[in-house]
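# Residue-level structure breakdown
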There are 2 protein chains.
Amino acid sequence: MAKNKIPARLHLDEDEIPKAWYNVRADMKEKHEPFLHPGTGKPCTARDLEGVFCPSLVKQELDQDTRLIPIPDGLLEFYRSMRPSPLIRARFLEEYLGTPAEIYYKFEGNNTSGSHKLNSAAAQVYYAKQEGLTSLTTETGAGQWGTALAMACAFYGVKLTVYMVKISSEQKPYRKAVIETYGANLIPSPSDTTEIGKKILAADPNTGGSLGCAISEAIETAVKTDKCRYVLGSVLDHVILHQSIIGQECKAAFQKYGVATPDIIIGCAGGGSNLGGLISPFIGDKIKGNSATRFIAVEPASCPSMTRGRFAYDFGDTGRTTPLLKMYTLGSGFMPSANHAGGLRYHGMSPIISKLYRDGYIEARAEEQTAVFDAAVKFAKVEGILPAPESAHAIKAAIDEAVECKRTDEKKTILFGLTGTGYFDLSAYISYNNKTMTDYIPSDAELQKGFDSLPNI
Amino acid sequence: MAKNKIPARLHLDEDEIPKAWYNVRADMKEKHEPFLHPGTGKPCTARDLEGVFCPSLVKQELDQDTRLIPIPDGLLEFYRSMRPSPLIRARFLEEYLGTPAEIYYKFEGNNTSGSHKLNSAAAQVYYAKQEGLTSLTTETGAGQWGTALAMACAFYGVKLTVYMVKISSEQKPYRKAVIETYGANLIPSPSDTTEIGKKILAADPNTGGSLGCAISEAIETAVKTDKCRYVLGSVLDHVILHQSIIGQECKAAFQKYGVATPDIIIGCAGGGSNLGGLISPFIGDKIKGNSATRFIAVEPASCPSMTRGRFAYDFGDTGRTTPLLKMYTLGSGFMPSANHAGGLRYHGMSPIISKLYRDGYIEARAEEQTAVFDAAVKFAKVEGILPAPESAHAIKAAIDEAVECKRTDEKKTILFGLTGTGYFDLSAYISYNNKTMTDYIPSDAELQKGFDSLPNI
């Protein structure tokens, strides 16, 4: 199709949904360091992990060599109910900015969970069901992952217990309601359903809870329940593998419509699942020397794990119970401020993304909250979609790059990931509209306190 | 394409979006009765209406003869950002029900307004802009129409004042927030910005307001503001004209994929805009004798304008200020109970739908709230989309028809309109989940009170 015939939406047909996930580790010149067992300090074996995670997912987690991993038919069946997701030319945003750049965004929010999380949730529940598991546990903070998992569990008929950070479950009653509507058992954390929960409640009966505590409760329940495992929605390699479908669809759609590989690809980065999924297939080409694409990770200035963190072994949770991961981290003891982008409020970063950043394949930048919401509202008004605060970090960077193209009069192609919608984040928009939103940049001394919590490895 | 090759989504390409709306009145053997001027009791002229409504829309409102009315290019440009909307085979629902029926649904909720309302909002704002108007007013209750109009006004650069029923603006702060994020001036009604508002407030300073009052305030402000008009999201003929794009896309997609015309088409009915838009092109064929399709309107048992109302001239608002419309109505004095499907809580029905029902082309049924939410949750779990309470009325009827097909072993094709998502209706789902939801059927005596408010015409 000629370039001037490119539609507003670069639509793929159902049979163009990828049939295999792309495992970027297979093309990385150096793999990331292995996970270490928190007790022994030795590399984790499959057996170490299988007590907590589903065996099929452990296999994917440890497979650094298989380039393409087939997507099972029973999962493709589910994907077809919501994919291919739209790849949209941001014509109205381009016009508003008066930029010569072409801007595209891959919109993953057109499902009830409201984000890309459903891609991995469905995969994880599918495998759990195949392995004969009857229930799963997880934690949720902002609620996108909990919602996605509840939807997938309802679809495949697997029971789910979600430990939701207590203060979030009170502040976000509608998120809680969606999760419960899909049949999940939602328990505000800390709770008296676990030993760790009881212990925390005994120490502080009025605590609002934390993600670290919720993770610990979910793992404890999984381990002590028959035919049950714990599942996680970001950070880990198998999650990024599942999310590679995002970038693969982008690549296929650009090829189908004759659009050259983007000059710049931008994603917001919390645990790294969206960014990793979006860039995987494109960065594979860059590693092989076939591409000059720039990759930009955007994180909140209030939680700057890549731009101001250390590259070190650290725990994945504040409870210090998970395997140790080599990653960019602010220290598991770092307490992020109440930035509204709950999904980016994480002390660490995916080991894959961390390694690619360390090796110079990815750039990173940190953005302040108010400027991010300025970009979000501009985008909403011209493109129509109200973005999630997380996604708006990518919008901010995309606008900045497009404005730079205007200055230099360069016709670059920019792709960014619009990971989700902001329909459950309206308290943040209210504070933006009321001009009560504030910015926060942690001081060096604050960051040092986080670094002091790093294990000595 | 062979029938067994039908994808999960019957996708149309961008250039298959209809280029003209279908005006079902042109094919109706008898037109509906004319609107009457509330003062003179005589048929309304264009001039009567142009003081309140945009002239282009008045022209469409009064045009009963032109079969196809072109969609302007500048509006098609906007439609391309969100259309064609998905037409989805409900494979998982069929499997869950074990029915031989084929079920399809047209999903209009994949936009930030969360419903089909945007189709007409964009059209109305487009024409207002073309006519040199600089601002619009409207009312909103549940909030879908207010959101859609705020999005369209932000896109075309037209100022908007939304009178939102005060109690709704307090109960739905997030709806209010979305509308304000898109830049609209939201005024809880009654307010001191109008004479009618001041009068109502003087009589009862603590009133929570009503849709009737909000309409009156919006009209008053439009009439007394320079280059300003009032716009309405349902009931009127030009709204149903704009919504015909829903049914036209369904018809085009069925033709493209070789699916025979549905045996049954189902839509929820409040003011009639969704139902009218969905069935228009199909009912045109039925009127011409080319089709045996059944059309089913589904309304809430708590507000049964078609199944228990009178076919009579009545006011469109409780304030008795609008032209008189010949329609099925419970009387403008009828006060619907607090059914959660706010969009269906209207005393009247579109004159077009009313006439088609009167003439036997449409069936109607009324459903109780709890049964509707049972259907909504079943649907959400298997099909993944959390439906709006309004849309769930259509789901309930579609499930009932599919179950009947199972009983009779008939392989019928069923199409229903999934008008929107329930993301802003979670208080209703909470009451369903908590089993505190109740049903309500008005007594004959209550209905009689409404009928007593009918004007003597």
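On a predicted model such as this, the values are computed, not experimentally measured, just so you know.

For chain A, the count of helices and strands is 18 helices and 14 strands. A compact globule built from 457 residues should have a C-alpha radius of gyration of about 23 Å, and chain A, at 21 Å, falls within 12% of that. With the C-alpha coordinates aligned to their principal axes, the bounding extent of chain A is approximately 65 × 50 × 45 Å. Long-range pairs, those at least 24 residues apart, make up 77% of the contacts in chain A with a sequence separation of at least 6. Looking at chain A as shown, the accessible area adds up to about 16000 Å², and 50% of this sits on carbon and sulfur atoms.

This brings us to the packing of helix 17 (residues 426-433) of chain A against helix 8 (residues 173-181) of chain B. As a packed pair, helix 17 of chain A and helix 8 of chain B sit with axes 9 Å apart at the nearest point and diverge in direction by 50°. Viewed along their axes, helix 17 of chain A and helix 8 of chain B adopt a mutual orientation that is oblique. In this structure, helix 17 of chain A crosses over helix 8 of chain B, and the sense of that crossing is left-handed. In this structure, helix 17 of chain A contributes Leu426(A), Ser427(A), Tyr429(A), Ile430(A) and Asn433(A) to the contact, and helix 8 of chain B contributes Pro173(B), Tyr174(B), Ala177(B), Val178(B), Glu180(B) and Thr181(B). Per-class residue counts for the contact of helix 17 of chain A with helix 8 of chain B are seven nonpolar, three polar and one charged.

Two side chains with opposite charge may pair up if their charged atoms get near one another. According to the stated counting rule, one finds 57 salt bridges over all chains in the structure shown. A salt bridge links Asp237(B) to Arg25(B), with the nearest nitrogen and oxygen atoms 3.0 Å apart. Separated by 212 residues along the polypeptide, Asp237(B) in helix 11 (residues 237-256) and Arg25(B) in the loop between strand 1 (20-22) and helix 1 (46-50) bring together distant segments of the chain. On the basis of relative accessible area, Asp237(B) is assigned to the buried category, the value being 1%. One network of salt bridges, with partners in common, ties together Glu14(A), Glu77(A), Arg80(A) and Arg91(B).

Time to look at the side chain of Glu390(A). All names here are of chain A. Along the chain, the position of glutamate 390 falls in helix 16 (residues 389-408). Among buried charged residues, glutamate 390 stands out as having no salt bridge; its nearest opposite-charge side chain is lysine 172, 6.6 Å away. Of the polar contacts made by the side chain of glutamate 390, one reaches the backbone nitrogen of glycine 343; its length is 2.7 Å.

Residues and elements named next belong to chain B. Orientation of helix 11 relative to helix 12 (residues 273-287), taken along the N-to-C sense of each, is 55°, at an axis distance of 6 Å. In terms of axis orientation, helix 11 runs oblique to helix 12. In this structure, helix 11 meets helix 12 at a crossing whose hand is right-handed. Residues Val239, Ile240, Gln243, Ser244, Ile246, Gly247, Gln248, Cys250, Lys251 and Phe254 of helix 11 lie in contact with helix 12, whose contacting residues are Ser273, Gly276, Gly277, Leu278, Ser280, Pro281, Phe282 and Asp285. Taken together, the residues of the contact of helix 11 with helix 12 sort by class into eight nonpolar, eight polar and two charged.

This part is about the relation of the copies chain A and chain B. Superposing chain A onto chain B takes a rotation of 180° plus a shift of 0.0 Å along the axis, which leaves an RMSD of 0.0 Å. Taken together, the turn and the small shift mark the pair as related by a two-fold rotation axis. If distances are taken from each C-alpha of chain A to the rotation axis, the shortest is found for Asn110(A), at 3.1 Å.

Our next topic: the packing of aromatic side chains. Taken as a whole, this structure holds 34 aromatic pairs over all chains when the rule is applied. Ring plane angle 35° and centroid distance 5.0 Å describe the contact between Phe311(A) and Tyr328(A), whose orientation is recorded as tilted. Of the two residues, Phe311(A) sits in strand 11 (residues 310-315) while Tyr328(A) sits in strand 12 (residues 324-329), which places them 17 residues apart along the sequence. Classification of Phe311(A) as partly exposed rests on a relative accessible area of 22%. Centroid distance Phe78(B) to Phe155(B): 4.8 Å. Interplanar angle 70°. Geometry classified as edge-to-face. Remark: Phe155(B) occurs in helix 6 (residues 144-156) and Phe78(B) occurs in helix 3 (residues 73-79); sequence separation between them is 77 residues. Within the aromatic cluster, the residues linked to one another by ring pairs are Phe78(A), Tyr126(A), Tyr127(A), Phe155(A), Tyr156(A) and Phe92(B). The ring of Phe451(A) has Arg310(A) lying over it, and the distance from NZ or CZ to the ring centre is 4.1 Å.

Below, the discussion takes up the pairing of strand 10 (residues 294-300) of chain A. Residues and elements named next belong to chain A. Most of strand 10 is tucked away: six of the seven residues are buried. Sheet topology note: the strand 9 (residues 264-268)/strand 10 ladder contains five bridges and is parallel. In the strand pairing of strand 10, cysteine 268 is matched with valine 298. For strand 10 and strand 13 (residues 363-367), the ladder comprises five bridges, and the chain directions are parallel. Across the sheet, the residue bridging to alanine 297 is alanine 364, located in strand 13.

Time to look at the sheet that holds strand 6 (residues 159-165) of chain B. Strand pairing in a sheet relies on backbone hydrogen bonds. The paired strands run either parallel or antiparallel. Residue and element names in this part refer to chain B. Here we have four strands laid out as an open sheet, ordered 7-6-5-8, and parallel in their pairing. The sheet is open, and its two edges are formed by strand 7 (185-189) and strand 8 (228-230), each paired on a single side. Across the sheet, the axes of successive neighbouring strands diverge by a mean angle of 20°, strand direction being ignored. Its contacts with the sheet put helix 10 (residues 211-224) on strand 5 (135-140), strand 6, strand 7 and strand 8, and the angle it makes with strand 5 is roughly 170°.

All names here are of chain A. Residue arginine 83 is joined to proline 84 through a cis peptide bond whose omega torsion reads -5°. Its place among the elements puts proline 84 in the loop between helix 3 (73-79) and strand 3 (87-89). Although it is not a glycine, lysine 435 adopts a positive phi angle of roughly 60°. Structurally, the position occupied by lysine 435 is in the loop between helix 17 and helix 18 (444-451).

Below, the discussion takes up the interface of chain A and chain B. Facing the 40 residues of chain A at the interface are 41 residues of chain B. Across the interface of chain A and chain B, roughly 3700 Å² is buried in total on both sides, 58% from carbon and sulfur atoms. Counting the surface chain A buries against chain B, the share from its top three residues, Tyr174(A), Thr181(A) and Tyr423(A), is 18%. Of all the secondary-structure elements, those providing two or more residues to the side of chain A that touches chain B are helix 3, helix 4 (91-97), helix 6 (144-156), helix 8 (173-181), helix 15 (369-383) and helix 17 of chain A. Looking at the side of chain A that touches chain B element by element, the count peaks at six residues for helix 8 of chain A. Looking at the side of chain A that touches chain B residue by residue, the classes come out as 23 nonpolar, ten polar and seven charged.

Moving on: the confidence of the model for chain A. For chain A, mean pLDDT is 95; residues scoring 70 or higher make up 99% of the total. The ipTM for the predicted assembly is 0.95, set against a pTM of 0.96.

Right, let's get into helix 2 (residues 55-62) of chain B. Residue and element names in this part refer to chain B. When we look at burial in helix 2, the residues that qualify are Leu57, Val58, Gln60 and Glu61. The arc that holds the buried residues of helix 2, viewed along the axis, is 160°, so those residues lie on one side. On the buried face of helix 2, the contacting elements are strand 1, helix 1, strand 2 (68-70), helix 5 (117-130) and helix 11.

This part covers the sheet that holds strand 13 of chain A. All names here are of chain A. The mixed open sheet is built from six strands, whose spatial order is 3-4-14-9-10-13. In the strand order of this sheet, the two ends are held by strand 3 and strand 13, each with one partner. In this sheet, adjacent strand axes meet at a mean angle of 25° when their direction is disregarded. Where helix 12 (residues 273-287) meets the sheet, it contacts strand 9, strand 10 and strand 14 (413-418), and its direction lies at approximately 155° from that of strand 9.

Along the chain, Thr138(A) falls in strand 5 (residues 135-140). Excluding residues within four positions of it along the chain, Thr138(A) makes contact with Trp145(A), Leu149(A), Leu160(A), Thr161(A), Val162(A), Tyr163(A), Ala218(A), Tyr230(A) and Val231(A).

The next thing to look at is the nonpolar core. Residues Trp21(A), Tyr79(A), Trp21(B) and Tyr79(B) are the most contacted members of the largest nonpolar core, which totals 112 residues. If we skip the residues at most four places from it in the chain, Tyr79(B) touches Ile17(B), Trp21(B), Ile71(B), Asn119(B), Ala122(B), Ala123(B), His242(B) and Ile245(B).

Now for the environment of Lys412(A). Residues and elements named next belong to chain A. Mapped onto the secondary structure, lysine 412 falls in the loop between helix 16 and strand 14. Here the alpha-carbon distance between lysine 412 and glutamate 102, two residues 310 residues apart in the chain, equals 6.3 Å. Apart from the residues within four sequence positions on either side, lysine 412 is in contact with Ala101, Glu102, Asp263, Ile264, Arg294 and Cys405.

What counts, and at which threshold
- Counting of residues starts from 1 at the beginning of each chain's written sequence and follows it residue by residue.
- Here the convention is simple: chains get letters from A, ligands get numbers from 1, in the order in which they are written.
- Selection of residues for local features in this predicted model requires a pLDDT of at least 70, selection of side-chain atom pairs for listing and counting requires 80 or more, and totals for whole chains, interfaces and linings are taken over all residues.
- Remark: hydrogens and water are excluded; side-chain values derive from all non-hydrogen atoms of the structure.
- Helix and strand definitions here come from DSSP, where helices need a minimum of 4 consecutive H or I residues and strands a minimum of 2 consecutive E residues; each element is numbered from the N-terminal end.
- Each radius of gyration is computed over the set of C-alpha atoms, and the globule rule expresses the reference value as 2.2 Å times the number of residues to the power 0.38.
- Any two residues having at least one pair of non-hydrogen atoms within 4.5 Å are treated as being in contact.
- Every accessible area reported is derived by Shrake-Rupley at a probe size of 1.4 Å, with residue values counting cover from the shown protein chains alone.
- All axes are obtained by fitting lines to C-alpha atoms, using only the stretch in contact for helices, and the reported angles, taken between N-to-C directions, cover 0 to 180 degrees.
- Note on angle classes: values under 35 degrees are labelled roughly parallel, values over 145 roughly antiparallel, values of 65 to 115 roughly perpendicular, and the remainder oblique.
- Crossings are assigned a handedness: left-handed for a near helix turned anticlockwise from the far helix by less than a right angle, right-handed for a clockwise turn.
- Gly is placed with the polar residues, together with every amino acid not listed as nonpolar (Ala, Val, Leu, Ile, Met, Phe, Trp, Tyr, Cys and Pro) or charged (Asp, Glu, Lys and Arg).
- Salt bridges are identified by distance alone: a Lys or Arg side-chain nitrogen within 4 Å of an Asp or Glu carboxyl oxygen.
- Burial status follows relative accessibility: with a 1.4 Å probe on protein chains alone, a residue under 20% of its type maximum counts as buried, one over 50% as exposed, and anything between as partly exposed.
- Positive: Lys, Arg. Negative: Asp, Glu. His and the chain ends are not part of the count.
- Pairs of N or O atoms are called polar contacts if they sit within 3.5 Å, as long as, within protein, a hydrogen donor faces a hydrogen acceptor (for residues adjacent in sequence, only side-chain-to-side-chain pairs).
- Superposing copies: least-squares fit, C-alpha atoms only, residues required to have pLDDT of at least 70 in both.
- Centres within 6.5 Å make a pair out of two Phe, Tyr or Trp rings, where for Trp the six-membered ring is used; the pair is then stacked when the planes are under 30 degrees apart, edge-to-face when over 60, and tilted otherwise.
- To sit over a ring, a charge needs its Lys NZ or Arg CZ within 6 Å of the ring centre and within 35 degrees of the ring normal.
- Two strands form a pair only when DSSP identifies at least two bridges running between them.
- Here the buried area means the combined drop in accessible surface, using a 1.4 Å probe, for two parts upon being joined, counting both sides.
- A score between 0 and 100, pLDDT records how confident the predictor is in each residue.
- Arc definition: it is the arc formed by the directions from the helix axis to the C-beta atoms.
- We call a set of buried Ala, Val, Leu, Ile, Met, Phe, Trp, Tyr and Cys residues a nonpolar core when their side-chain atoms join them within 4.5 Å.

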